[in-house]
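Fold and geometry: a report
As a plain string of letters, each chain reads:
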Amino acid sequence: MNNYYYCIDVGGTTIKGGIVDTDGIILFSSWVKTRTFDGSITLAENIMSLVSNLEETSNLPVSKAKGIGIGVPGIISEAGVVCRSANLNLNQYPLKAELEKILTIPVKIANDACVAGLAENAFGAGKDFNNYLMLTLGTGIGGEIFINNKPLRLTRCFSSEMGHMKITDRNIRCGCGEYGCFESVASTIALERQTREAMEKNKDSKMWEKYNLETVNGKTIFEFKDIDKTAATVFKNYIKYLGTGVANLINILSPEAVIIGGAVSAQKDNLTTPLKEYVYSHIYTRNERPYPEILNAKASGNAGILGSKCLFD
Ligand SMILES: [Zn+2]
């Protein structure tokens, strides 16, 4: 049997993996904790411990797989080097070369947001469109632009870094070192920070009844936006930031659709309805052009695993 792939989704806290058949069905899955931060274990070793777990539970040896595909948060070179990953605390780490010392099957590595985009294109909401963009709202904002169902690549190595377009003069430093980046105000992490800051300033907010500064998360605002003034203000500003970025991208690309993935997209219409309202009233020639669809990703939960399989399509 040689009709399966090992598919790995590296995240800042967990590494998820699956064995996926040629039709994109996940046959087995497992995960391990990400342990690269203190240098006691390399990313290749961390990934191989997950590969061993999968081999044990499945009886499908990695040596017989058609390949191993891996999504990694960060800038990944064509040679499979993790040039920079703030989330994993890695610089110039030759992941592909390290894995090829251990494995004899083809190894393919790509940026995690690009991988999620590929999954959405093949299995999710992207199936219905040819020219669209996908935004993943998580620790940062990643994404992929699809032209005729192919990821847009204008230069050899880099994918689109939509998360780092500048959209505000607010003095908020982004993980990239710059100020005013889209992801520094519109990622899930940014929403959590905005919620925390608002709670600190407004001790009478109802959010204190259920949350404290440690337990606040990306869902808090959605729970309270209709019943608490502080939460409503945070939400309105967040939609303005997110909507500004999305409107800019629509003005530049004029896509058929914008697909929103990542943790915040679990809020479904609670996110997309106000987002559409903001975006549709701020895009250029709003009365003359058809409104691009704005919708939630469908492959979200397993996008990292399924997209890693798509690296071989
Ligand atoms: Zn940035």
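In short, a report on the structure. Just so you know, these numbers come straight off a predicted model, no measurement behind them.

In a regular helix each residue adds 1.5 Å, so twelve residues correspond to 16 Å; helix α3 (residues 112-123) covers 16 Å between its end C-alpha atoms and thus fits that length. Counting buried positions along α3 gives nine out of twelve residues, so the element sits mostly inside the fold. Listed as buried for α3 are A113, C114, V115, A116, G117, L118, A119, E120 and N121. The N-capping residue of α3, defined by a side-chain oxygen 2.9 Å from the backbone nitrogen of A113, is N111.

Two faces belong to every sheet, and in a regular strand the side chains alternate between them. Both strand β12 (residues 257-262) and strand β13 (residues 293-296) contribute to a ladder of four bridges, which runs parallel. Bridge pairing in β13 links V258 to I294. For the crossover that starts at β12, traverses helix α8 (residues 269-280) and ends in the parallel β13, the hand is right-handed.

Attention now goes to the coordination of the zinc ion. Here the zinc ion is held by the protein donor atoms H164 (ND1), C174 (SG), C176 (SG) and C181 (SG), which lie 2.0 to 2.4 Å from it. Taken together, the four donor atoms surrounding the zinc ion define angles of 106 to 120° at the centre, an arrangement classified as tetrahedral. Spacing between the donor residues of the zinc ion along the chain follows H-x9-C-x1-C-x4-C. The same class applies to C174 and to C181, which are both buried.

The five strands are arranged β3-β2-β1-β4-β8 in an open sheet whose pairing can be described as mixed. If you trace the sheet from one side to the other, it starts and ends with β3 (26-33) and β8 (107-111), each paired once. Sheet twist, expressed as the mean angle between neighbouring strand axes with direction ignored, is 15°. Across five bridges, the pairing between strand β4 (residues 68-72) and β8 is parallel. Bridged to G71 within β8 is A110. Its contacts with the sheet put α3 on β4 and β8, and the angle it makes with β8 is roughly 100°. In the packing of helix α9 (residues 303-310) onto the sheet, contacts are made with β1 (4-10), β2 (14-21), β3 and β4, and the angle to β1 comes to roughly 130°.

Thresholds applied
- Residues numbered from 1 in each chain as written.
- Predicted model: local features only at pLDDT ≥ 70, side-chain atom pairs only at ≥ 80, totals over all residues.
- Heavy atoms only, no water.
- Helix = DSSP H or I, 4+ residues; strand = E, 2+ residues; numbered from the N terminus.
- Expected span 1.5 Å × (residues − 1).
- Buried < 20%, exposed > 50% of the residue type's maximum accessible area, 1.4 Å probe, protein only.
- Polar contact = N/O pair within 3.5 Å; in protein donor to acceptor, adjacent residues only side chain to side chain.
- Pairing = 2+ DSSP bridges.
- Right-handed = clockwise from strand over helix to strand, strands pointing away.
- Donors = N, O, S within 2.8 Å, 3.2 Å for Na, K, Ca; no water.
- Tetrahedral: all angles 85-135°; square planar, octahedral: opposite > 155°, others 65-115°.
- Axes fitted to C-alpha atoms, helices over the stretch in contact; angles between N-to-C directions.
- Contact = heavy atoms within 4.5 Å.

By themselves these figures say nothing about function.
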